[in-house]
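Structure assessment
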Amino acid sequence: MTRGRRFWLAFGLAVLLLVMAASLAVGSRHIPLPVILDALRQPDPRNDLHLIVRELRVPRTLLAALAGAALGMAGAMMQALTRNPLAEPGLLGINAGAAMAVVLGIALFELSDIAGYVWFGFAGAGLAGAVVVLLGRAHDTGSDPIRLVLAGAGLSVVLGALTGILVLNAPLELFDALRKWTAGSMEGRGLDVAAVLAPAVLAGGLLAAGLAGNLNAIALGQDLGRTLGVRTGRVWVLSCLTVMLLAGAATAAVGPVGFVGLLAPHAARIICGPDHRLILPASGLIAAFLLLTADIMGRVLARPEEIAAGIVAAILGGPFFIILVRRFRLVGS
Amino acid sequence: MNGSFRALRLGSLSVLFRPRVALICALLFMVLLALAVLLMGTGTMPLPVAELLAILGGTGDNPAAEQIVMRVRLPRLLTGAFVGASLGMAGAMFQSVARNPLGSPDVIGFTTGAATGAIVQIVMFGAGPLATALAAMISGVATAAAVFLLSRKGGSAGGQRLVLVGIGIGATLSGLNTMLVVMGNLDRAMAAQVWLAGSLNMRTWWHVLPANMGFLLIAPIACWHGRRLSLLDMGDDMARQLGVATEKTRLVAVLAAVSLTSVATAAAGPITFVALAAPQLVRRLTRAPEIPMLPAALMGSVLLLAADLLSQRIAGNLVMPIGLTTGLLGGLYILWLLTRTGRR
């Protein structure tokens, strides 16, 4: 790692901390900076403002940063594996699986709070991801990205249709709960959700770090990777598991957030070049930054109402993506 | 080249005539008729074929049956048939232009764009079917135009860039769509969700008319272009030497396909899979080197009416909009194909 690149990573981390601080400070209710510091250092349970900071803003800041980092790393891994610049976690059927499971959780077990059905989302994402990996035969060929993408698309369509049929035949409350989850919002999620997400992101991040070197070889192409001595089949399976862990946890916790996992790796590649040992952490940083910024903007733009971060990310991410497409040669295009 | 053919000449005009394609067309048409009889004759009030014919001929003597046929079943049937035909033909054109069996109007963000217009109408104004259909059509075509303009660089709209820009625009619009559904009043949001599922329920002559007119206007252009499109398969340089204006042909084809899809979406909401599958199935049946437009349209109708029959009669009390039925079948079809094709 050159000194210049180390500087960029440190710079990125500093920016991320600044945005996290901003996320604590900004909201529908104005809270002065000293009060926020007090709330963090010596909380007073009778002070409403302290409660808002500790119970609402701290969890959602952590959630946005964690979920963003997970989506960014997962997107970078998928793009390297499939050698497809458009790959993102949703492609593995993860969004559709999580949505289906959440709907089942609400419909069958009448779960009403997010900490209750986050586990359903996680299981659904994992199951769908596993089915796609098996149908896509990632384990024995590992060389056919199109097959994997097709399996993901096919399963997503089936699960999406089933979810739609369930929702249309269920009471209106189910639809209301689902449409809120679908928007990708950090609102109303407590620290218990972050507690589910954090270990998954940590484990996923460690796995990703271990696989980064091998991803460099695979990104050159399956055959070349094998010639370079990489056991491509094993790397594929491990990488798919990592993507499922990261993206599944993030999706279950905050709902399906598009674009962040697609955009961050492109930005990371433009800044860091082709080395995945740099791209992976940079994608995580950039995606965390993007999701936090989207969440803050959603709180500020529609005051006193809120726009969910997933929606802001999609609406702002689209034009940004088009600018990228027009200005740079994207990988593989 | 597979399949024999003859050229029919009339002065300077010539048309390729393939007996096999004609046979397939006739067969598909018969299946279509059978499906139509089943759809019109069964249901809460079963009607024998003789009575159906009498009602359609204007000599029916049962006013209640006449009401059901003329007000409910016939509009639904015709909407389904024309929507299916439009989607099948649009799929064939898109797949020819993209030279990719997965080429589909959804890819360039078109379906999402059409949905945006419809959701704005439903959620913000609580609009009825006609206004919703119009809005879907206008916003769909506008989306396609935006994708084209934004992907132009140095004079031509590159294939890869077109797809990428389409995905970007599609994502922005789908964010907008979600926002409208989430922030809207619950009842109207549900109505938008029902529209988004794609449905043939409660179709009136106001749905039939635009679908019908759109198809009859655009289909001739599409058929006329089919031949030139198949020449593009040989590569741009070769096609240009044979006197085909490649860029213009592509533009006309995409515009026609976009218009067909937008008319269909306006009439029935977004319906997946028909545009994807109809051309591929027809190609297997006709064994023709290019995707023939007319059989693809017929196959689209057959697929959609079959799915309609399934969601009306098999599903029982379950609410199963046709768009979700086709999605379910289409997804299963893709997965089945994947398990069938061995290791490569």
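Residues numbered from 1 in each chain as written. Chains lettered and ligands numbered in written order. Predicted model: local features only at pLDDT ≥ 70, side-chain atom pairs only at ≥ 80, totals over all residues. Heavy atoms only, no water.

1. Considerations on the overall build of chain A
- Each helix and strand counted, chain A has 13 helices and 0 strands in total.
- In sequence order, the secondary structure elements of chain A are arranged as α-α-α-α-α-α-α-α-α-α-α-α-α.
- Counting only C-alpha atoms and orienting by the principal axes, one finds that chain A spans roughly 65 × 55 × 35 Å.
- When each of the 333 residues of chain A is scored for burial, the buried share is 55%.
- Relative to all contacts within chain A whose residues are 6 or more apart in sequence, the contacts with residues 24 or more apart total 74%.
- Across chain A, the 25 positively charged side chains and the 18 negatively charged ones have centroids separated by 13 Å. (Helix = DSSP H or I, 4+ residues; strand = E, 2+ residues; numbered from the N terminus. Buried < 20%, exposed > 50% of the residue type's maximum accessible area, 1.4 Å probe, protein only. Contact = heavy atoms within 4.5 Å. Lys, Arg positive; Asp, Glu negative; His and termini not counted. Charge placed at Lys NZ, Arg CZ, Asp CG, Glu CD.)

2. Regarding the overall build of chain B
- Helix and strand counts for chain B stand at 13 helices and 4 strands.
- Taken over 344 residues, chain B has a buried fraction of 50%.
- Partitioning the intrachain contacts of chain B with sequence separation of at least 6 by distance along the chain shows that 71% fall at a separation of at least 24.
- As displayed, chain B has an accessible area near 16100 Å², and 68% of this comes from carbon and sulfur atoms. (Areas by Shrake-Rupley, 256 points an atom, 1.4 Å probe, with all protein chains shown as cover.)

3. Quick look at the interface of chain A and chain B
- The partner chain B presents 49 residues to the 42 residues of chain A that form the contact.
- Here chain A packs against chain B, burying approximately 3900 Å² in sum over the two surfaces, 76% of which is carbon and sulfur.
- Ranking the residues of chain A by area buried against chain B places A:Leu168, A:Arg179 and A:Arg326 at the top, with a combined share of 18%.
- On the surface where chain A and chain B come into contact, there are 0 salt bridges.
- Seen at the junction of chain A and chain B, the total is 0 residue pairs in polar contact (both at pLDDT 80 or more).
- Elements that contribute at least two residues to the side of chain A that touches chain B include exactly α6 (145–169), α7 (172–182) and α13 (309–327) of chain A.
- The biggest single contributor to the side of chain A that touches chain B is α6(A), with 14 residues. (Buried area = accessible area lost by both parts, 1.4 Å probe. Salt bridge = Lys/Arg side-chain N within 4 Å of Asp/Glu carboxyl O. Polar contact = N/O pair within 3.5 Å; in protein donor to acceptor, adjacent residues only side chain to side chain.)

4. Here we look at helix α4 (residues 110–125) of chain B
Residues and elements named next belong to chain B.
- An ideal rise of 1.5 Å per residue puts 22 Å on 16 residues; α4 measures up with 22 Å between its terminal C-alpha atoms.
- When you tally the buried positions in α4, you get 12 out of 16 residues, the bulk of the element.
- Within the span of α4, buried status applies to Phe110, Thr111, Gly113, Ala114, Ala115, Thr116, Gly117, Ala118, Ile119, Gln121, Ile122 and Val123.
- With its phi angle positive at about 55 degrees, Gly126 sits one or two positions after the end of α4. (Expected span 1.5 Å × (residues − 1).)

5. Thoughts on the packing of aromatic side chains
All names here are of chain B.
- Counting across every chain of the model gives 4 aromatic pairs over all chains.
- Measuring from ring centre to ring centre gives 6.0 Å for Phe82 and Phe215, while their planes differ by 55 degrees; the resulting arrangement is tilted. Separated by 133 residues along the polypeptide, Phe82 in helix α3 (residues 63–98) and Phe215 in helix α8 (residues 205–232) bring together distant segments of the chain. (Phe/Tyr/Trp six-rings, centres within 6.5 Å; stacked < 30°, edge-to-face > 60°.)

6. Side note on the nonpolar core
- Ranked by internal contacts, the top residues of the largest apolar core, which has 172 residues, are A:Leu63, B:Val83, B:Met89, B:Met93, B:Phe215 and B:Ile271.
- Ranked by residues supplied to this core, first place goes to helix α3 (residues 48–82) of chain A with 14 residues.
- Ranked by size, the runner-up nonpolar core spans 24 residues in total, among them B:Leu28, B:Leu39, B:Ile55 and B:Leu298. (Core = buried A, V, L, I, M, F, W, Y, C linked by side-chain atoms within 4.5 Å.)

7. Side note on the pattern of salt bridges
All names here are of chain A.
- Throughout the structure, instances matching the rule amount to 5 salt bridges over all chains.
- Asp44 is the salt-bridge partner of Arg46, the closest N and O atoms lying 3.6 Å from each other.
- For Arg46, a relative accessible area of 73% translates into the label exposed.
- A salt bridge links Arg299 to Asp295; the nearest nitrogen and oxygen atoms lie 3.1 Å apart. Here Arg299 pairs with Asp295, and both are found in helix α12 (residues 276–301), just 4 residues apart, close to one helical turn. An identical accessibility class is assigned to Arg299 and Asp295; each is buried.
- Residues participating in the shared-partner salt-bridge network are Arg60, Asp295 and Arg299.

8. Brief notes about a nonpolar patch on the surface
Residues and elements named next belong to chain A.
- A contiguous nonpolar patch, built from Phe7, Trp8, Phe11, Ile270 and Ile271 and spanning about 530 Å² of accessible area, is present on the exposed surface.
- For the nonpolar patch, the elements supplying multiple residues, two or more each, are α1 (3–25) and α11 (260–272).
- Considering every element that reaches the nonpolar patch, the biggest residue donor is α1, with 3 residues.
- For Ile271, the position within the fold is in helix α11. (Patch = residues over 30% accessible without salt bridge, like charges linked within 9 Å, V, L, I, M, F, W, Y side chains within 5 Å.)

9. Things to note about the confidence of the model for chain A
- Model confidence for chain A is summarised by a mean pLDDT of 81, while 91% of its residues fall at 70 or above.
- Within chain A, α12(A) carries the highest mean pLDDT (90), whereas helix α9 (residues 222–227) of chain A carries the lowest (68). (pLDDT = per-residue confidence, 0-100.)

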